[in-house]
Amino acid sequence: MNIAPEILALHDDMRQWRRQLHQYPETAFEEIATAQLIAEQLQRMGIEVHQSIAKTGVVGVLNRGNSTHSIALRADMDALYIQEQNQFAHASCHHGKMHACGHDGHCAMLLGAAQYLAQHGQFDGTIYFIFQPAEEARAGAHQMIQEGLFEQFPAQRVFGMHNFPDIPVGHFAVKTGAMMASFDCFEITLNGQATHAAMPHLGQDVLVAAAHIVTQLQTVVSRKINPADSAVVSVTQIHGGNTWNALPESAVLRGTYRSFNDFVRTQLEQSIQHLAKTVADSFNMTAKIHFNPENPGYPVTVNTPDETASAIRAATVVAGDDCVNTNPTPSMGAEDFAFMLQQKPGCYLWIGNGSSDGDCLLHNPNYDFNDEILPLGAAYWVKLIENELHC
């Protein structure tokens, strides 16, 4: 690997930042201490700092030379509502919350790159270091954009990076086009006549109807979507009833659907709505369907060709030709960085986190970011900037 000695010398600092963030995780739009740590470190480096964008977002600005070219680098800050099961010293101190997706590592790598670029970087132009809140299903990127992110910080291109278990340490993966799926939620509320459990004929059983909807939703992808297209529909919650001997008057089903293009995304929404209403009608009850009831759905994460080529060049210099997969299988996971890619050309890349043995999977209570990749991620950011904003 081709990593500057000055970046390797920052490994201990990045590890310390990462583990502090891991130990004190904060969830969407509550990343107050996280944002403060990041802002303090950026200020220490001599980087101009802007705070409170989308409540807790932080943007650092670093100018050098006379060029009008500019690039934004983005890291996500928020943790998940997961109870950590790890027992190491830096395990979460906040009950029910943990960095189970590696956003702690993403912040540490970008801070490391910022420090190197502030002290040693050879570039001509402007770098915007975006530390974004609320990536996990709360659309923090969308909120930052709505509050004028790119008007205040007019980057010409934007780049993101995420760790990925089971991609080997020292490797990257990236491709042009769809990298991550869209993400949408649905909520189906069934309403019927409540009745005694011993007298079901006097009412409508919303729980039986809910069970039918769960089963029928599994036919949406297999029978409504072209087999050549990828899609998934999953029911993730069912709520209804609160006693042993009564059939409730209502039940709520919630879930998610994902795809890699807008046409299929629309097909899924229409099919879910039609199916829920049809099943409810067959049981002589009503169904109300809401899509994305709390937040906007996430669009498909689409990398643009020129920026993907830039990412590949930088990753190849750092890791070597054999360690950059330029045709990975896209993930059905979703990423709100997609909102930024709707505004600016850019690229979203995966960095290998190593083996997932021991349940070290994303969104798993045993996950932990691999500190050994911190210098590699920082070196990628640095090489990307020095390549694209060359003097």
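What you see is a predicted model, and the numbers here were worked out from it, not measured in a lab.

Calculation criteria
- Residues numbered from 1 in each chain as written.
- Predicted model: local features only at pLDDT ≥ 70, side-chain atom pairs only at ≥ 80, totals over all residues.
- Heavy atoms only, no water.
- Helix = DSSP H or I, 4+ residues; strand = E, 2+ residues; numbered from the N terminus.
- Rg over C-alpha atoms; globule rule 2.2 N^0.38 Å.
- Buried < 20%, exposed > 50% of the residue type's maximum accessible area, 1.4 Å probe, protein only.
- Contact = heavy atoms within 4.5 Å.
- Lys, Arg positive; Asp, Glu negative; His and termini not counted.
- Charge placed at Lys NZ, Arg CZ, Asp CG, Glu CD.
- Core = buried A, V, L, I, M, F, W, Y, C linked by side-chain atoms within 4.5 Å.
- Phe/Tyr/Trp six-rings, centres within 6.5 Å; stacked < 30°, edge-to-face > 60°.
- Lys NZ or Arg CZ within 6 Å of the ring centre and 35° of its normal.
- Salt bridge = Lys/Arg side-chain N within 4 Å of Asp/Glu carboxyl O.
- Expected span 1.5 Å × (residues − 1).
- Arc of directions from axis to C-beta.
- Pairing = 2+ DSSP bridges.
- Axes fitted to C-alpha atoms, helices over the stretch in contact; angles between N-to-C directions.
- Parallel < 35°, antiparallel > 145°, perpendicular 65-115°, else oblique.
- Left-handed = near helix turned anticlockwise from the far one by under 90°.

Asker: In this structure, what is going on with the overall build of the protein chain? I would like to understand it.
Answerer: Looking only at helices and strands, the protein chain has eleven helices and 16 strands in total. Its C-alpha radius of gyration of 23 Å places the protein chain within 12% of the 21 Å reference for a compact globule of 391 residues. In terms of overall dimensions, the protein chain has a C-alpha envelope of 80 × 45 × 40 Å along the principal axes. For the protein chain, the residues scored as buried account for 55% of the 391 residues in total. Within the protein chain, residue pairs in contact and separated by at least 24 positions form 81% of the contacts whose partners lie at least 6 positions apart. Separation between the mean location of the 21 positive side-chain charges and that of the 40 negative ones in the protein chain comes to 4 Å.

Asker: For this particular structure, what's the right way to read the nonpolar core?
Answerer: The tendency in soluble globular proteins is for nonpolar side chains to be buried as a group. If you look at the biggest cluster of nonpolar residues, it comprises 60 residues, and the most contacted ones within it are L73, F129, F131 and Y380. Looking at this core, the element that brings in the most residues is helix α4 (residues 103-120), giving ten residues. Here Y380 is in contact with F159, M161, F172, A311, A314, A315, V318 and L349, once residues within four sequence places are set aside. Among the nonpolar cores identified, the runner-up in size contains 31 residues, and A134, L149, F153 and F183 belong to it.

Asker: Help me understand the packing of aromatic side chains, please; the structure alone is not making it clear to me.
Answerer: To describe a pair of aromatic rings, you give the distance between the ring centres and the angle between the ring planes. Tallying each qualifying case throughout the model produces eight aromatic pairs. Between Y128 and F153, the ring centres sit 5.8 Å apart and the planes meet at 65°, which makes this aromatic pair edge-to-face. Of this pair, Y128 sits in strand β4 (residues 125-132) while F153 sits in the loop between α6 (149-152) and β5 (157-165), and the two are 25 residues apart along the sequence. Neither residue differs from the other here; Y128 and F153 are each classed as buried. Measuring from ring centre to ring centre gives 4.4 Å for F164 and W350, while their planes differ by 40°; the resulting arrangement is tilted. Residue F164 is located in strand β5, and its partner W350 is located in strand β16 (residues 346-354); the two are separated by 186 residues in the primary sequence. By way of ring pairs, the aromatic residues F172, Y380 and W381 are connected into one cluster. Seen from the ring of F29, K55 lies directly overhead, with NZ or CZ sitting 5.3 Å from the centre.

Asker: Honestly, the pattern of salt bridges in this entry has me stumped. Any pointers?
Answerer: Side-chain pairs of opposite charge can arise where the charged atoms are in close proximity. For the coordinates displayed, the defined rule picks out 16 salt bridges. Close ionic contact of D336 with R74 constitutes a salt bridge, the shortest N to O distance being 2.9 Å. Residue D336 is found in the loop between β15 (324-325) and α10 (337-343), and its partner R74 is found in strand β3 (residues 70-76); the two are separated by 262 residues along the sequence. Grouping residues by exposure puts D336 and R74 together as buried. One salt bridge in this structure joins E386 and K383, with 4.0 Å as the shortest N-O distance. Pair noted here: E386 and K383 are both in helix α11 (residues 374-388), with a separation of three residues, about one helical turn. Taking relative accessible area as the criterion, K383 reaches 22% and is therefore assigned partly exposed. Among the charged side chains, a network of salt bridges with common partners joins R18, R19, D104, D368 and D371.

Asker: What is the right way to read helix α2 (residues 11-23) from this model?
Answerer: Residue pairs spaced three or four apart in an α-helix point in one direction, given the helix's 3.6 residues per turn. The terminal C-alpha atoms of α2 lie 18 Å apart, and with 13 residues this matches the ideal 18 Å at 1.5 Å per residue to within 8%. The complete set of buried residues in α2 reads H11, M14, W17, R18, L21 and H22. Looking down the long axis of α2, one finds its buried residues gathered within 130° of arc, a one-sided arrangement. Along α2, the residues that are exposed and aim more than 90 degrees away from the buried face are D12 and Q16. Residues of α2 that are buried make contact with α1 (5-8), α3 (32-44), α4 and α11.

Asker: Looking at this structure, I do not really get the sheet that holds strand β1 (residues 48-53). What am I missing?
Answerer: Across a sheet, paired strands are connected by hydrogen bonds in the backbone, their directions being either parallel or antiparallel. Reading across the sheet, the eight strands line up as β1-β2-β4-β3-β5-β16-β6-β15 and stay open at both edges, with mixed pairing between neighbours. Looking at strand neighbours, the two that pair on one side only are β1 and β15, the edges of this open sheet. Note that strand β6 (residues 172-173) and β15 share two bridges and pair parallel. Within β15, the position partnered with A173 by the bridge is N325. Each of β1, β2 (57-64) and β4 is contacted by α3, which is oriented at about 165° to β1, the strand it contacts most. Running over the sheet, α11 touches β3, β4, β5, β6 and β16 and is turned about 160° from β5.

Asker: Can you walk me through the sheet that holds strand β13 (residues 286-291) in this structure?
Answerer: Taking strand neighbours across the sheet as the criterion, the four strands line up as β10-β12-β8-β13 in an open arrangement whose pairing is antiparallel. Only two strands of the sheet have a single partner each, and these edge strands are β10 (231-239) and β13. Strand after strand, the sheet turns through a mean of 20° between neighbouring axes, direction not considered. With eight bridges joining them, β10 and strand β12 (residues 250-259) adopt antiparallel strand pairing. Within the sheet, the bridge partner assigned to S234 lies in β12 and is T256. Across the sheet, helix α7 (residues 206-224) lies against β8 (184-191), β10 and β12, angled at about 170° from β10, the strand it touches most. Here helix α8 (residues 262-282) sits on the sheet and contacts β8, β10, β12 and β13; the angle it forms with β13, its principal contact strand, is near 160°.

Asker: Any chance you could explain the packing of α4 against α11 here in plain terms?
Answerer: Axis angle and axis distance: for two packed helices, these are the angle between their axes and the distance between the axes, and together they describe the pair. Axis separation between α4 and α11 bottoms out at 8 Å; the angle between their running directions is 50°. Judged by the inter-axis angle, α4 sits oblique to α11. You can see that α4 and α11 cross each other, and the crossing is right-handed. Together, G105, A108, M109, L110, G112, A113, Y116 and L117 of α4 and L374, G377, A378, W381, V382, I385 and E386 of α11 make up the contact between the two elements.

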